[in-house]
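Reading the structure
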Amino acid sequence: MTHPCNCVRVSRSLTAAGVSTPRATVSFLDFFFFFFNHLVSFHVPGAMTGAAELCNGERAVVFLFVSGVLYSSPLSLSYEAAALCLLAVAGLVIEISAESSTALDRFKTRPGASSGIQLGAVTLPTVMLSRLIQLSRALLRQDVGPEGWFVTKNLLWLLCHGLVTVFLIQYILRTFPSCASIGEALLVSSGLVLYFGDVLRHTLSKINFFFISSKLNFKEYGSQSEIATVIQGLLLGLLLLPVFYQSLLQIWVYFANSSKPEEQAAEGWKYRRIGSSVVFYASLLVISTILAPAWMYHVQDFHVHPLLWVFIFVFTDPLKRLALCIYWICVICASVLRFYNISKHSKIERILLRKYYHLVAVLMFLPALLFQPSFLDLAFGAALAVFLILEMIRVWKIWPLGHIVHQFMNAFTDHRDSEILIISHFSLLLGCALPKWMSSGFNDRPLAPFAGILSLGIGDTMASMVGHKYGVLRWSKTGKKTIEGTAAGIMSVLAACSLLLPLLASTGFILSQHWLSLLLAVTVTGLLEAYTAQLDNAFIPLVFYSLLCL
């Protein structure tokens, strides 16, 4: 394995050979390599032994991932690149220190997963920097469309973001033990704070409460699309649903106990279960039809009821969109019935059974992404809302669907799901949806919206199937991932891209994807799938998307 310091010589040799390398980026990489080299020699006395222990496969892939983005950063984004470099170094130091101590023992993390602190810390900031690199090319061409993003330099706002993220990480790990690693909780927490921080920013800017919005000095770029507004309002309502439901439930219990205590005691738990279920459905109805639309109306100036807007949107092109809905329903029904029966009567491993759902995702999402991309954005949001509602029904045992949903979902769980939360279907859906959502507006890399479908539906599936059946050479002595599976995953994604690019060109896309950068993106993503012990459905699409944007 090449020592990190040798990479410095490689980058300098590239510069000497005439390869265009931003000077700021080279200095960041030099600093990163220098710090990493001294970190290795500081922690472990033996040079080669220490490097082997500290520089494991996941950290090496993270280094390649971050270095690729830093190398592509223009000088106009030098401050952002420097911040990402410092974050990567800090994440590495904290991960090594935490794993060599007992500091993480107070959290009950997901069994079999490493801490993943560095990967969880750098993934989302690297995605954002990659998106900025892509938008910087649009600024040169003066071709920036509606983006709906904002910038603030207020330190109090940024500090509150960080504090809320730390609190949310601790809340997730303590409320849902054995559901996530530190890195997974970090990724989810930072994403939630970033997304709903935008909701709070919209609200503060609208009500101008004590002139807070002017003090925060928001600078907004572009406008948010109507589909993004509908999805944001729907997710905000579902975020408030547990609080609203618990409040109404306490009120109902109070009046029920005060008015008919004897009858309630006689009827027992059935009365309480049916009553709480009625309160849940009533809360869901109020949130979806009154509160969320009211927020959209007053804050987002969305003057059409979202349910009516969805109905109008579908019937603006009824032939294609209704036909696509019928196609989705047929695929879902056929696959669910088939795979559920297999899970009950077959000895096939569940991890392989779940990979068939990755292929189903390709069958469902690929045609829509090619021919109805805007409708797919809305469908992703609707599916996420349905998944969240069903998970609430399952966890709270809401009558009459709670037991049915729990029994059905247990047929597809594996070691990464806990008894409290089942997250695999969420990670698969968001893994396919996030690259598409983030590609809204300007996008000069036609394969970027397909990052989730290609990496999960094709690459991850082929790697698991080929590795399970034909794999002999393992990447590590303790892991199950094989070199044959990784090679199959990389080659299958490259083959899919070679078929997809001409198809995109025929539909009017201007192809600007370089095969060398595509090869790098596919290879790094394949190595991450082979080495990481984190939830691959969450990290792999984001890493692949970031590298495709360069």
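Residues numbered from 1 in each chain as written. Predicted model: local features only at pLDDT ≥ 70, side-chain atom pairs only at ≥ 80, totals over all residues. Heavy atoms only, no water.

Together, Val 304, Leu 308, Phe 311, Ile 312, Phe 315 and Leu 322 make up an exposed nonpolar region whose accessible area comes to about 520 Å². Per-element accounting of the nonpolar patch gives the leading share, three residues, to helix H13 (residues 306-314). Its place among the elements puts Ile 312 in helix H13. What makes Ile 312 partly exposed here is its relative accessible area of 44%. (Patch = residues over 30% accessible without salt bridge, like charges linked within 9 Å, V, L, I, M, F, W, Y side chains within 5 Å. Areas by Shrake-Rupley, 256 points an atom, 1.4 Å probe, with all protein chains shown as cover. Salt bridge = Lys/Arg side-chain N within 4 Å of Asp/Glu carboxyl O. Helix = DSSP H or I, 4+ residues; strand = E, 2+ residues; numbered from the N terminus. Buried < 20%, exposed > 50% of the residue type's maximum accessible area, 1.4 Å probe, protein only.)

Counted according to the given criterion, the structure contains 15 aromatic pairs. The interplanar angle of 90° and the centroid separation of 6.4 Å between the aromatic rings of Phe 380 and Trp 437 together place this pair among those described as edge-to-face. A residue pair is termed long-range when its members are at least 10 positions apart, and Phe 380 in helix H16 (residues 373-396) and Trp 437 in helix H18 (residues 424-438) qualify at 57 residues. Among the aromatic residues, ring-to-ring pairing joins Phe 302, Trp 309, Phe 313, Trp 328 and Phe 375 into one connected group. Note that Arg 321 overlies the ring of Phe 313, its terminal NZ or CZ placed 4.1 Å from the centroid. (Phe/Tyr/Trp six-rings, centres within 6.5 Å; stacked < 30°, edge-to-face > 60°. Lys NZ or Arg CZ within 6 Å of the ring centre and 35° of its normal.)

Helix H22 (residues 536-548) packs onto helix H21 (residues 515-531) with a crossing angle of 165° between their chain directions and a minimal axis gap of 9 Å. In terms of their interaxial angle, H21 and H22 are classed as roughly antiparallel. Here H21 and H22 pass one another in a crossing that is right-handed. Two secondary-structure elements touch here, H21 through Leu 518, Leu 520, Ala 521, Val 522, Val 524, Thr 525, Leu 528 and Glu 529 and H22 through Asp 536, Phe 539, Ile 540, Val 543, Phe 544, Leu 547 and Leu 548. Along the lines of polarity and charge, the residues of the contact of H21 with H22 split into twelve nonpolar, one polar and two charged. (Axes fitted to C-alpha atoms, helices over the stretch in contact; angles between N-to-C directions. Parallel < 35°, antiparallel > 145°, perpendicular 65-115°, else oblique. Left-handed = near helix turned anticlockwise from the far one by under 90°. Contact = heavy atoms within 4.5 Å. Nonpolar A, V, L, I, M, F, W, Y, C, P; charged D, E, K, R; others polar.)

For the rest of this paragraph, the subject is empty space enclosed by the protein. Applying the stated criterion across every chain yields a total of three cavities of 30 Å³ or more. Size it by volume and the largest cavity reaches roughly 140 Å³. If you trace the largest cavity, you find 15 residues lining it, with Ser 455, Gly 459, Asp 460, Thr 525 and Gly 526 closest to the centre. Elements with a contribution of two residues or more to the lining of the largest cavity: helix H19 (451-470), helix H20 (483-506), H21 and H22. With five residues, H20 is the largest single contributor of residues to the lining of the largest cavity. Looking at side-chain class alone, the lining of the largest cavity contains six nonpolar, seven polar and two charged residues. (1 Å grid on protein atoms, 1.4 Å probe; cavity = no way out; pocket = protein on both sides within 12 Å on 5 of 7 lines; lining within 4 Å. Points joined across faces, edges and corners; volume = space filled by probe spheres on them.)

As a rule of thumb, nonpolar side chains are buried together in soluble globular proteins. Phe 365, Leu 447 and Leu 454 are the most contacted members of the largest nonpolar core, which totals 90 residues. Counting 13 residues, the second-largest nonpolar core is a separate cluster that includes Tyr 245, Leu 284, Ile 287 and Ile 398. (Core = buried A, V, L, I, M, F, W, Y, C linked by side-chain atoms within 4.5 Å.)

Attention shifts here to H16. Relative to the 34 Å expected for 24 residues at 1.5 Å per residue, H16 spans 35 Å between its end C-alpha atoms, a close match to the ideal helical length. A positive phi of about 55° marks Lys 397, the residue just after H16. (Expected span 1.5 Å × (residues − 1).)

Along the polypeptide, Ser 492 turns up in helix H20. Apart from residues no more than four positions distant in its own chain, Ser 492 is found in contact with Ile 458, Gly 459 and Met 462.

Its location among the elements puts Val 253 in helix H10 (residues 226-259). Along the chain, Val 253 and Ser 276 lie 23 residues apart, while their C-alpha atoms are 8.7 Å from each other.

Working definition: two side chains of opposite charge can pair if their charged atoms are close together. Considering all chains together, one arrives at nine salt bridges under this definition. A salt bridge links Arg 59 to Glu 99; its shortest N-O distance comes to 2.9 Å. Linking Arg 59 in helix H4 (residues 57-72) with Glu 99 in helix H5 (residues 78-99), this pair joins segments that are 40 residues apart in sequence. Judged by its relative accessible area of 39%, Glu 99 falls in the partly exposed class. A salt bridge links Lys 481 to Glu 529, with the nearest nitrogen and oxygen atoms 3.4 Å apart. Pair noted here: Lys 481 is in the loop between H19 and H20 and Glu 529 is in helix H21, with a separation of 48 residues, a long-range link. Residue classification places Lys 481 among the partly exposed positions, given a relative accessible area of 30%. The exposure class of Glu 529 is buried, given its relative accessible area of 7%. In the salt-bridge network here, residues are joined through shared partners; they are Arg 59, Glu 95 and Glu 99.

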